[in-house]
Protein chains: 2
Amino acid sequence: MENTAIEPEHSESACKGTLRPIRDALDILNGKWKLPIIVALTFGEKRFSEIAKEIDGITDRMLSKELQDLVTNGLVKRTVEETFPVKVTYSLTPHSKSLDDVIESLRKWGILHKSYLVNRDK
Amino acid sequence: MENTAIEPEHSESACKGTLRPIRDALDILNGKWKLPIIVALTFGEKRFSEIAKEIDGITDRMLSKELQDLVTNGLVKRTVEETFPVKVTYSLTPHSKSLDDVIESLRKWGILHKSYLVNRDK
DNA sequence: GATAGCACTATCCTCTATGATAGTACAGTA
DNA sequence: TACTGTACTATCATAGAGGATAGTGCTATC
């Protein structure tokens, strides 16, 4: 057993190295609503009910919870204007703007996938 | 009430138009494992157990199930070599290669997010 | 003969994401 | 006075994602 396919135990595989940041990203962006919420806010700051109106099917409960998550992770800023009644506004942070490429590539791929399905099913 | 902010009911908001393909994409790529599996296969075709080795934490059951999903959606090709014993190989399809941009942007953002966290917490 | 690898499948179980519904406190409007 | 809008929170329920464990039929290896 002098040379049973020596594994490079010192340097992990390139694959694992690539996988790590991707899994980190997915941990933050997981779920059905986080990216849609961020996308909605790329069109400008919005109030709670305005976001709800843009995203079909989301419930108040989900929107509230996901917004909190996003604020905690530094991806959304919550601003309260001390008027009567208070006005609450949500907007993107510089950090969430760095998601532009992710969003754009996902959008393009969504379109591509749809046309793929059309071609396949005919 | 002659002009109470007429909504453009004919043309939906730009926001909703952008959201649709993104939600389509997320529907296909959802879950913890699909993208990691595709990433693993970008490093070349692999056998079942080889994929399992690259992706920490995945169980056989999940890998099997997710691979089936991916094959169904045209994102992975399953090849059986009729040797003894049979050798099963998984590889990407041309269509899944169109995910390159998504994966690369996600990888970059994962790295960026990590350094964001480091800067924020100090 | 025992064990290990391969590519799975079958059960069972738990937990979390998501959904449905209702309620709150206040203000403005008809 | 009744209703609506705003920005939520609370409670309850459920489907399904995901995990743990074991088994299968075959072969190759110790």
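All figures in this text were calculated on a predicted structure; none of them were measured in a lab.

Undergrad: Would you explain the protein's contact with DNA strand D in this entry?
TA: Residues and elements named next belong to chain A. Looking at DNA strand D, there are 16 residues lining it, with Arg47, Asp60, Ser64, Arg78 and Tyr90 nearest. Of what DNA strand D places within 4 Å of the protein, 60% of the atoms are sugar or phosphate. At 3.3 Å from a phosphate oxygen of DNA strand D is found a side-chain nitrogen or oxygen belonging to Ser49. In the environment of DNA strand D, a base oxygen lies 3.1 Å from a nitrogen or oxygen atom belonging to the side chain of Arg61. Element by element, the count of residues in the surface near DNA strand D is highest for helix H4 (residues 60-72), at four residues. By residue class, the composition of the surface near DNA strand D is five nonpolar, four polar and seven charged.

Undergrad: Would you mind going over the protein's contact with DNA strand C with me for this structure?
TA: Neighbouring DNA strand C are 16 residues, the closest being Lys32 of chain A together with Arg47, Ser64, Arg78 and Tyr90 of chain B. Counting only the atoms of DNA strand C within 4 Å of the protein, the fraction contributed by sugar and phosphate is 65%. Within the side chain of Asp60 of chain B, a nitrogen or oxygen atom sits 2.8 Å from a base nitrogen of DNA strand C. The side chain of Tyr90 of chain B places a nitrogen or oxygen atom 2.6 Å from a phosphate oxygen of DNA strand C. Of all the secondary structure elements, the ones that give two or more residues to the surface near DNA strand C are H4 of chain A together with helix H3 (48-54), helix H4 (60-72) and strand E2 (87-92) of chain B.

The rules behind these values
- Residues numbered from 1 in each chain as written.
- Chains lettered and ligands numbered in written order.
- Predicted model: local features only at pLDDT ≥ 70, side-chain atom pairs only at ≥ 80, totals over all residues.
- Heavy atoms only, no water.
- Near = heavy atom within 4 Å.
- Polar contact = N/O pair within 3.5 Å; in protein donor to acceptor, adjacent residues only side chain to side chain.
- Helix = DSSP H or I, 4+ residues; strand = E, 2+ residues; numbered from the N terminus.
- Nonpolar A, V, L, I, M, F, W, Y, C, P; charged D, E, K, R; others polar.

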